[in-house]
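A closer look at the structure
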Amino acid sequence: MQKRKGVVLAAPKSGSGKTLITCALIEALKEAGVNVCAFKCGPDYIDPMFHRTILGVPGGNLDTYFTGETKTKEIFVEETPEDAFAVVEGVMGLYDGLGGILEEGSTYHLAKAISLPVILVIDAHGMGRTILPLIQGLLSYDKAGIIKGVILNRVSKMFYASLKELIETELSIEVLGCFTEQKELHLESRHLGLKLPEEKRDLKEQVCRGADSLKETVSIERILAIGGAGEKDAASPEVDSYENKVTYQRADIKENDTHESKLRLAIARDEAFCFYYQENLKLLSKRGFELVPFSPLHDKKLPEHISGLLLGGGYPELFAKELSENDSMKTAIREAIRGGLPSLAECGGFLYLHKSLKDMEGRQYSMAGVIDADADYRGKLVRFGYVELTEKESCFLPEKEGIRGHEFHYFDSTENGTDCLAKKPTGNRSWECVWEGENHWWGFPHLYYPSNPSFVEHFYQQAGLYQQSKLKQKDK
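Our subject in this report is the structure included herewith.

The rules behind these values
- Residues numbered from 1 in each chain as written.
- Predicted model: local features only at pLDDT ≥ 70, side-chain atom pairs only at ≥ 80, totals over all residues.
- Heavy atoms only, no water.
- Helix = DSSP H or I, 4+ residues; strand = E, 2+ residues; numbered from the N terminus.
- Buried < 20%, exposed > 50% of the residue type's maximum accessible area, 1.4 Å probe, protein only.
- Contact = heavy atoms within 4.5 Å.
- Areas by Shrake-Rupley, 256 points an atom, 1.4 Å probe, with all protein chains shown as cover.
- Pairing = 2+ DSSP bridges.
- Axes fitted to C-alpha atoms, helices over the stretch in contact; angles between N-to-C directions.
- Parallel < 35°, antiparallel > 145°, perpendicular 65-115°, else oblique.
- Left-handed = near helix turned anticlockwise from the far one by under 90°.
- Nonpolar A, V, L, I, M, F, W, Y, C, P; charged D, E, K, R; others polar.
- Core = buried A, V, L, I, M, F, W, Y, C linked by side-chain atoms within 4.5 Å.

Right, let's talk about the overall build of the chain for a bit. A count of helices and strands for the chain gives 13 helices and 24 strands. A burial count over the chain gives 58% of its 476 residues as buried. Residue pairs in contact within the chain that sit at least 24 positions apart in sequence constitute 75% of those at least 6 positions apart. Just so you have it, the chain exposes about 19700 Å², and 48% of that area is on carbon and sulfur atoms.

Strands in a sheet are paired, the pairing made by backbone hydrogen bonds, and the direction either parallel or antiparallel. With antiparallel pairing, the 5 strands of this open sheet are ordered in space as S21-S20-S17-S18-S24. The sheet terminates laterally at strand S21 (430–433) and strand S24 (446–447), the two strands that pair on one side only. Pairing of strand S17 (residues 383–391) with strand S18 (residues 402–409) involves 8 bridges; the strand directions are antiparallel. Note on S18: the bridge partner recorded for Phe384 is Phe408.

It is worth spelling out the environment of Tyr315 at this point. Position of Tyr315 relative to the elements: it lies in the loop between strand S12 (313–314) and helix H10 (320–325). By relative accessible area, which is 1% here, Tyr315 ends up buried. Distance in space between the C-alpha atoms of Tyr315 and Asp270 is 9.9 Å, their sequence separation being 45 residues.

Attention now moves to the packing of helix H9 (residues 278–287) against helix H13 (residues 454–475). Packing of H9 against H13 leaves a shortest axis separation of 10 Å and a crossing angle of 50 degrees. Here H13 runs oblique to H9, going by the angle between their axes. Note that H9 runs across H13; the crossing there is right-handed. In contact with Leu283, Leu284 and Arg287 of H9, H13 contributes Val456, Glu457 and Tyr460. Tallied by class, residues from the contact of H9 with H13 come to 4 nonpolar, no polar and 2 charged.

A word on the environment of Tyr277. Within the element layout of this structure, Tyr277 appears in the loop between strand S9 (273–275) and H9. Once the C-alpha coordinates of Tyr277 and Tyr449 are considered, the two residues, 172 residues apart in sequence, prove to be 8.8 Å apart.

Let's shift gears to the nonpolar core. Leu29, Phe85, Val118, Ile135, Leu152, Ile167 and Ile223 are the most contacted members of the largest nonpolar core, which has 86 residues in total. Per element, the largest residue contribution to this core is 8 residues, and it comes from helix H1 (residues 18–31). Not counting residues up to four positions away in its chain, the partners in contact with Ile135 are Ile122, Val150, Ile167, Leu171 and Ile173. One finds Phe289, Ala320, Phe350 and Trp431 within the second-largest nonpolar core, a separate group that totals 66 residues.

Here it is as structure tokens:
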């Protein structure tokens, strides 16, 4: 399998500044004329959304728990053009994998799987010589010898010179530069990962300022060299400016050309529903679906001539009033599903199908009413982390096979479903979940379809049967 160029940015722990430095590096590389693509290690779909929308570069997820070493590398190679330079942002600490204790699923595991060197981002604020055993400890665990450089974050330029000499002399690891503390540059959080792009209109400006700062104090040339590329390895493709993006996210779904063999899949895509793994969408498209975006917030009806419906995750609780007031859309979705339209709903989409949703202030709003249950805010994380789901009766998946996903939600339902069993990858914890039938799957877990493509195959077949039934009705 062909090798690709790029680097993995990792850190000893979360909160070290990986995200800001990753974004600044991507922007700096773009400005240098490098063809850049970006990935996030792990299940977070928000960072890749930032990469695509704010930075204008292709972005996706790579996760060795979801797809194992071989399949993950296949995805990486397929999604990274030969002339591109990949910037991969790590997750948590470099060696923190499943349950925080295993290597599987860690940034280190991914870097080895995709054969990319690691650059450590070390938060040096308030540290002096103590930084040596910290870096030495990380290097001592690197049995594959893939840590190739260090960037010091939140350190003054004056003290940086002393630290650089100290580290390179005593540890024989190259220090590539520093990123000085800049309190005006910050990326805020909400629930999981970053705020949505639409909520931070000055983010592009912040990233550009960060890139300017990075170029002054970090050797972009050395990063390219470590990653296997030259300074002007490839031209960057033209991208739309952030200001030209539509109000709600439709830019990164491109409808396929209409073709008789294509089955039209309506996919909720707006401020309230925006969490989608790009690998899922590509697998749906590759199988034969035409992805047709629509907005449960702004549109009054479903797209015409559809054979399936996908309601992804997002923040319906922040738009509960608007969703509740859009009666025509709620009715259209309820009647379509009751009429046999195959449907998938995950997390936020699952909440939307409920009878009602109570927001964080305790205000209750009516939802689509497909599921005879209510959902409300619990004030804390209800369930969090990786899961593998198996069916009690084989339907979407071959018998005895599972599909992997991730949960992260503060809301819960009075009826989470009982058709599947979710199990954590570490420990013995498991629970019932998911409303499932021959042509629908509704539940909290965000599924990663490439972990079991049979899921998409079954859904596609159900969409085909639905289309055939509609054509027969039309001919009568």
